[in-house]
Amino acid sequence: MTMLNVGRPTRPEAVEMDTHTSLNGGRGLLQDEGLLFEVGRPDRTGVDLEPAELDASDLGDLVRTAPIGLAGLSEPEAVRHYVRLSQKNHAIDLALYPLGSCTMKHNPRLNEKMARLAGFADLHPLQPQSTVQGALALMDRLAHWLKTLTGMPAVALSPKAGAHGELCGLLAIRAAHESRGDAARRRVLTPTSAHGTNPATAAFVGYQVTEIGQTEDGRVDLADLAAKLGPDVAAIMVTNPNTCGLFERDIVEIARLTHEAGAYFYCDGANFNAIVGRVRPGDLGVDAMHINLHKTFSTPHGGGGPGAGPVVLSEALARFAPAPWIVHGPEGLRLEEEARGEAADAFGRMSAFHGQMGMFVRAYAYMLSHGADGLRQVAEDAVLNANYVKARLQGAMTPAFPVGPCMHEALFDDTWLEGTGITTLDFAKAMIDEGFHPMTMYFPLVVHGAMLIEPTETESRAELDRFCEALLALAQAAKAGDVDRFKGAPFLAPLRRLDETLAARKPRLAWHPEPTAVAPAPQVIE
Amino acid sequence: MRYLPLTPADRSEMLAVIGAASIDELFADVPQAARHVDLFDLPLHAGEIEVERELARLAARNRPGGAGPFFCGAGAYRHHVPATVDHLIQRSEFLTSYTPYQPEIAQGTLQVLFEFQTQVAVLTGLQVANASMYDGSTACAEAVMMAQRVTRRKGAVLSGGLHPHYAATTRTIAHAEGMDINCLPAAIDAEAAVIAAIGPDTACVVVQTPNVFGVATDVTAIGEAAHAAGALLVVVTTEAVSFGLLKSPGEMGADIAVAEGQSIGVGLNFGGPYVGLFAAREALVRQMPGRLCGETVDADGRRGFVLTLSTREQHIRREKATSNICTNSGLCALAFSIHMSLLGEAGLRGLAEINHSLARELKAALETVPGVEVLSPRFFNELAVRTPVPAEVLVESLLADGIVAGVPFARLDPTAGLDDVLLIAVTETVTSEDIAELAGALKRRIAA
C-alpha cells in the first residue's frame, strides 16, 4: 500500500567499483533506451487509418491548429521500446517480492484470460441493463463471496482502490452520524503504526486525527484508546492484522469500547489475506472494512494499479452505502444508480460508473479457483511462510516483536545493524544485487529502521530458503565490516542509486525539447 | 491447489523449524470466539476448466459492443485498441510489478510514467501532469479540492454540461471536505449560465468540453471571468480522442485539466478500470494530488527517473497530504501511453478526424429521421438528439433490431426532465452501414 523509504530520500555516496564498460556505454543485451520523444517522430505512426475527408468547418475556431507535440513509433519500434523498458523492472514473476503490507503474490494468468472475454471486456457501463445480466450476476456473486468471507451484511463494490475504499467507509460513517443529527463528532483515532492513507483519508473527510499509542508488544494501547474515546470521536481506524504483522488480540474489546463511546470501527483490510477463510471481521465488531482485491485476491498490481477496494459494511452502516448497487427484481438483476426512494440514505457516489469490473472478474476467478478450502489454505500458508522467514532470520537480524508468532509478515528493526555504519536503506539496496526486491522499509513508523517482510503464500519453500540465505549472507557481510557492498549498492541493477534530492529540488516532470542539463543516456543508433 | 507450492511435508518441516506444533498455534492471538473451525459456506476449489466454464457462462449472458451496431458514449467510448497494446501490458515486468518505490529496479515503469506525463501535458496544453488518477470523475473531484487549497475558498461552480456522474462524485467527495458545490441545471448550452454563477468565494468553475451533450465549446471567456474573480478554471474532457482535433484546455486558459483517458488503450470494461488524466499549470505543482515522476541522475551520472515531490503524499504527510490516493491506474496509464505512441501526432489527428467525420455523417443521417431533432450545434463525435418518445423506450425497442442506439440522458440524471434526450456517439469502430442501419431502424420504430 504505502511502502517507501519514508522521509529518507536517497542520495548516492561516493563508492566506486571497477566494472568492465562497453564502447557505446550500454550494458550488453540490457539495452539503453532513449525517451519516446527522442526515439519517436511526429510523422511516424504504428496504426494504419484510412484518412477521413475532413470537413471541420462547423467547428470554426475550436480546431486545434498548433502542433500537439506527440511522438509516434511504428509497431516494431514500439514493441522494442516497451520491451526494452520492461527489462529494467523487477516483477513478482522474476523472484520473491517481499514488500510488507503490499502482498505481492503470484497473479494467475487464467484471471487475465477471463477478464478479456468479450462478454466482460467489451461491455459499456451504460448499455441497457437487460444486455448485461451476466456482468451484474458476476458482481452479485462477488458481493456474496465478500460478505460471506467477512461475515458482513452489505458491500459497496464501487471504490477503486484501498484508499478510495477508506474514503467510502468514512463517508458512510459520517452519514450515519449526521442522520442522527450528531455533528459533534469531529475526530478520528488511528494508531501511530497506521498506513499513511488512514490519517490522509480522515482529513479528506474533514476529520481531525488523533493518534493512539501502542503497547510494548506492538498492539493498540487499550488504556490510551479508552482515554481518547469520547463524544467527539466519529470513528477509529485500525488495521488488523496490524502493520506490525500482528493480530490485535484485544480486537473485540477495541470494538466494544468504540461502540460504547458512540463511534464506529473502521478496519483497514489491507492485511485481510492473513485471515481470509479463518476469521470473519464481522465477528470482531467491525463496522466497515475495505478489501484490496489487488492484495488478498491477487489482481495484478500493474506497476501501481489499478486496484479495487470494495467496502463491507455492518447493519448500522449498510443503508448509507453509495450508489450504485445491485437489486434483485422481477426481471432479473438491476443496477440502482441513484440515491432515491428506499435508497435515499445513500451518501452519494464514489466515481462515474460501477467500480473496477476488470478487477472483479479476476478476483472472482481467483475465488472460484481457490474455493472455501483454498482460501483458508492461502491464509495458513501466508502465515506459515512469514513465520518461517522470521525463524530462519532471527539469529542474524532482530525481530521487532520476538515473542509469539507473527501473522503474514515478519517485522525486524535495525538494532542488529548498530555499529556497522550500515542503515536499513543500505541493506535494502544491497538485496537488489543479490536478486531480490527490498522489503518494505522504515514502515511502520513505530519501529526503528523497520524492515517488513511479507513473503505471501505463493512462494515455495525452496524460494524462501534462497531468499533467507541471501539475507543471512548479507547480514554476515554487514557484521564483518564489508561496508562498501552496502553503501554503494546497488551495483548490479540497471541503474545505481538515484539522486532523489536533486529530483525534488529541481523538478523535471516532463520531457522538453530544449537541451537538458543532464547528459542523456547513450542512445541506440537508428 | 495449483497456486500453492507448499506440500504437506513442507508444512510440517517448516512448523518444526518455527517450533510450532500446529498451524493453529500461529493463529493463537485470534480470540477463541472468532476462530472458525469449519469451512465457510462457499464452493470448494475448482480447476481451470471449471472456472472457465463458469465465467464463460456469465459472459455469454452479456451483449458485447462488437455484437452489432453500437452507439453508447456518455463518458466511455468504444475505440479500437491495437493488439500490440494488450500484448505489451501483459509483459510480466509491467503487469506483476509494484509501485516503483525502488527506482533502481523500476526504471521501466518510471520511464513510462515520465513519458505518460509528458503526453498528458502536451495533449492538455499544460505544463505538468501526474502519473494518473483512478478515472476522470475522481480526477474532477480532486481538481476541485486542489482549487480549494490553491485559492483558500470554499465554493465551486459546476457547469450543467458536466457529466452528471462527475458532478455527483465531486459533490460527494468535496462536500465532505466542507465545500459548497453549486451544480447548475443540466442544459445543452449550460456553459452560458456559468459566468453569472461565479462569486467571491468561488474557488473554481468546472466546465466540460465536449460537454455531456456532445457540445464542443470555447471556454476561454469563462476562464477569463473566473480569473477576474480570483477563481481557477477546471476543464474536463471525457473523450480523450477529441484532443486530436479540438483546442486544448490550456489554450483556452485552463489552470487544471482533467480527463478520462479510457478511449486510448484501455477499452470499455463495463466502467473500470479506467485512467484519470490530471494536468495543471506549473506554478500549481505542489498542490497537485497523486504521484509525480521526475528526472534525475544515478551515482554514475546516468539519467534516471524517480517518484518525486512526495512530501505532498499520504505516506509522508499523512493527514496533511494533498490527497489520500495511493494506488492509481498504473497499468491503464501504460496502455494509454503505448496506444498514444503507436498513434503519434499524425495518428491521433487522423483518428480524431475519422471520429468527427463519422459524427457529421451521423448527424446527416439523423436529420432524415422524422421526429428526431439533433440538439448539439458544434460537436466532436457525440450528439444529443430529442426523441419523440422517451429515449429509454426507443433504446429498448431498437435492441430488438440488434442495435444499441445510445445512452438515454435520463440514465445519467433522472431528475433533469430530459427523458426525451438520447446521447449517440460514434467512433472509428462504427461503419457507415451501422449509421444507415440506425437511421433506418429509428424511422421504423418511431413510425410504428
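Residues numbered from 1 in each chain as written. Chains lettered and ligands numbered in written order. Predicted model: local features only at pLDDT ≥ 70, side-chain atom pairs only at ≥ 80, totals over all residues.

Points about the overall build of chain A
Turning to step 1, where the next piece is worked out: Check the secondary structure of chain A and you find 15 helices and 13 strands.
Turning to step 2, where the next piece is worked out: At 26 Å, chain A has a C-alpha radius of gyration in line with the 24 Å of a compact globule built from 526 residues.
Turning to step 3, where the next piece is worked out: Out of the 526 residues in chain A, the part that is buried amounts to 58%.
Turning to step 4, where the next piece is worked out: For chain A, long-range pairs separated by at least 24 residues make up 75% of all intrachain contacts whose partners lie at least 6 apart in sequence. (Helix = DSSP H or I, 4+ residues; strand = E, 2+ residues; numbered from the N terminus. Rg over C-alpha atoms; globule rule 2.2 N^0.38 Å. Buried ≥ 20, exposed ≤ 12 C-beta atoms within 10 Å, placed from the backbone. Contact = placed C-beta atoms within 7 Å.)

Describing the overall build of chain B
Turning to step 1, where the next piece is worked out: Helix and strand counts for chain B come out as 15 helices and 13 strands.
Turning to step 2, where the next piece is worked out: Scaling as 2.2 N^0.38, a compact globule of 448 residues should have a C-alpha radius of gyration of about 22 Å, and chain B matches this with 25 Å.
Turning to step 3, where the next piece is worked out: If one aligns the C-alpha atoms of chain B with their principal axes, the spans along those axes are about 80 × 55 × 50 Å.
Turning to step 4, where the next piece is worked out: Relative to its full complement of 448 residues, chain B shows a buried share of 65%.

Looking at the nonpolar core
Turning to step 1, where the next piece is worked out: Counting 331 residues, the largest nonpolar core has Leu-313 of chain A together with Val-144, Val-205, Val-206 and Val-234 of chain B as its most contacted members.
Turning to step 2, where the next piece is worked out: With 22 residues, helix α11 (residues 357-393) of chain A is the single largest residue contributor to this core.
Turning to step 3, where the next piece is worked out: Residue contributions to this core reach at least three from each of two domains, namely domain 1 (67-79 + 352-447) and domain 2 (83-340) of chain B.
Turning to step 4, where the next piece is worked out: Among residues more than four places away in sequence, those in contact with Val-205 of chain B are Val-157, Val-194, Ile-198, Ile-222, Ala-226, Ala-231, Leu-233 and Val-234 of chain B. (Core = buried A, V, L, I, M, F, W, Y, C linked by C-beta atoms within 7 Å. Domains from an automatic or database assignment.)

Quick word on the environment of Phe-409 of chain B
All names here are of chain B.
Turning to step 1, where the next piece is worked out: Within the element layout of this structure, Phe-409 appears in helix α14 (residues 409-412).
Turning to step 2, where the next piece is worked out: Assessed through the 24 C-beta atoms surrounding it within 10 Å, Phe-409 is described here as buried.
Turning to step 3, where the next piece is worked out: For the pair Phe-409 and Val-212, spaced 197 residues apart in sequence, the C-alpha separation works out to 8.9 Å.

A few points about the sheet that holds strand β10 (residues 373-374) of chain B
Residues and elements named next belong to chain B.
Turning to step 1, where the next piece is worked out: Reading across the sheet, the 4 strands line up as β10-β11-β13-β12 and stay open at both edges, with antiparallel pairing between neighbours. The open sheet has two free edges, formed respectively by β10 and β12 (407-408), since each of these has just one partner strand.
Turning to step 2, where the next piece is worked out: Across 2 bridges, β10 lies against strand β11 (residues 382-386) in antiparallel orientation. Each bridged residue has a counterpart across the sheet, and for Glu-373 the counterpart in β11 is Arg-386.
Turning to step 3, where the next piece is worked out: The strands that helix α12 (residues 330-366) touches are β10, β11 and β13 (421-425); relative to β11, the one it contacts most, it runs at about 15 degrees. (Pairing = 2+ DSSP bridges. Axes fitted to C-alpha atoms, helices over the stretch in contact; angles between N-to-C directions.)

Focus on the interface of chain B and chain A
Turning to step 1, where the next piece is worked out: If you look at the interface, chain B gives 169 residues, while chain A gives 187 residues.
Turning to step 2, where the next piece is worked out: Per element, the largest residue contribution to the side of chain B that touches chain A is 21 residues, and it comes from α12 of chain B.
Turning to step 3, where the next piece is worked out: For the side of chain B that touches chain A, the per-class residue count stands at 85 nonpolar, 51 polar and 33 charged. (Nonpolar A, V, L, I, M, F, W, Y, C, P; charged D, E, K, R; others polar.)

Observations regarding the sheet that holds strand β13 (residues 451-453) of chain A
Pairing between the strands of a sheet is mediated by backbone hydrogen bonds and can be parallel or antiparallel.
Turning to step 1, where the next piece is worked out: Pairing in this open sheet of 4 strands is antiparallel, and the strands run β10-β11-β13-β12 (chain A) from one edge to the other. Looking along the sheet, the strands with just one partner apiece sit at the ends: β10 (398-399) and β12 (440-441) of chain A.

Quick look at the domain arrangement of chain B
All names here are of chain B.
Turning to step 1, where the next piece is worked out: If you check the domain split of chain B, you get domain 1 (67-79 + 352-447) and domain 2 (83-340).
Turning to step 2, where the next piece is worked out: Taking only C-alpha atoms, the centre of domain 1 and the centre of domain 2 are 28 Å apart.
Turning to step 3, where the next piece is worked out: Across the contact, 25 residues belong to domain 1 and 23 residues belong to domain 2.
Turning to step 4, where the next piece is worked out: Mapped onto the side of domain 1 that touches domain 2, the elements with two or more residues apiece are α12 and β11.
Turning to step 5, where the next piece is worked out: Examining the composition of the side of domain 1 that touches domain 2, we find that 4 residues originate from one element, α12, more than from any other.
Turning to step 6, where the next piece is worked out: Across the side of domain 1 that touches domain 2, the residue classes tally to 14 nonpolar, 6 polar and 5 charged.

Describing helix α5 (residues 133-150) of chain A
Turning to step 1, where the next piece is worked out: With 18 residues, α5 of chain A should reach 26 Å at 1.5 Å per residue; the first-to-last C-alpha distance of 26 Å fits that figure.
Turning to step 2, where the next piece is worked out: Taken together, the buried positions of α5 of chain A are occupied by Gly-134, Ala-135, Leu-136, Leu-138, Met-139, Leu-142, Trp-145, Leu-146, Leu-149 and Thr-150 of chain A. (Expected span 1.5 Å × (residues − 1).)

Looking at the pairing of strand β7 (residues 276-280) of chain B
Residues and elements named next belong to chain B.
Turning to step 1, where the next piece is worked out: With 5 of 5 residues buried, β7 lies mostly within the body of the structure.
Turning to step 2, where the next piece is worked out: Burial along β7 is two-sided: the face carrying Gly-276, Phe-278 and Ala-280 and the face carrying Leu-277 and Ala-279 are both buried.
Turning to step 3, where the next piece is worked out: In terms of strand pairing, strand β1 (residues 128-129) meets β7 through 2 bridges, oriented antiparallel. Looking at the pairing, Ala-129 lines up with Ala-279 of β7.

So, the packing of α11 of chain A against helix α1 (residues 8-18) of chain B
Turning to step 1, where the next piece is worked out: At a closest axis distance of 9 Å, the pairing of α11 of chain A and α1 of chain B adopts a crossing angle of 45 degrees. Between α11 of chain A and α1 of chain B, the angle falls in the class oblique. Viewed along their axes, α11 of chain A and α1 of chain B form a crossing whose handedness is left-handed. Between α11 of chain A and α1 of chain B, the residues in contact are Leu-384, Asn-387, Tyr-388, Ala-391 and Arg-392 of chain A and Arg-11, Met-14, Val-17 and Ile-18 of chain B, respectively.
Turning to step 2, where the next piece is worked out: Classifying every residue of the contact of α11 of chain A with α1 of chain B by side-chain character gives 6 nonpolar, 1 polar and 2 charged. (Parallel < 35°, antiparallel > 145°, perpendicular 65-115°, else oblique. Left-handed = near helix turned anticlockwise from the far one by under 90°.)

Quick word on unusual backbone geometry
Residues and elements named next belong to chain A.
Turning to step 1, where the next piece is worked out: Look at the link from Gly-305 to Pro-306: it is a cis peptide, with omega at 5 degrees.
Turning to step 2, where the next piece is worked out: The phi dihedral of Ser-101 is positive, around 80 degrees, even though this residue is not glycine.
Turning to step 3, where the next piece is worked out: Structurally, Ser-101 can be placed in the loop between α2 (75-86) and α3 (109-115).
Turning to step 4, where the next piece is worked out: Although it is not a glycine, Thr-103 sits at a positive phi angle of roughly 55 degrees.
Turning to step 5, where the next piece is worked out: The residue Thr-103 is located in the loop between α2 and α3 in this model.
Turning to step 6, where the next piece is worked out: Overall, Thr-103 belongs to the buried group, with 27 C-beta atoms counted inside 10 Å.

Considerations on the confidence of the model for chain B
Turning to step 1, where the next piece is worked out: Mean pLDDT over chain B: 96, with 100% of residues reaching 70 or higher.
Turning to step 2, where the next piece is worked out: Scoring of the predicted complex yields 0.96 for pTM and 0.98 for ipTM. (pLDDT = per-residue confidence, 0-100.)

Concerning the confidence of the model for chain A
Turning to step 1, where the next piece is worked out: Here chain A shows a mean pLDDT of 93. Residues at 70 or above account for 94%.
Turning to step 2, where the next piece is worked out: Segment residues 522-526 of chain A: pLDDT under 50, and 10 contacts once partners within four positions in sequence are set aside and those in other chains are kept.

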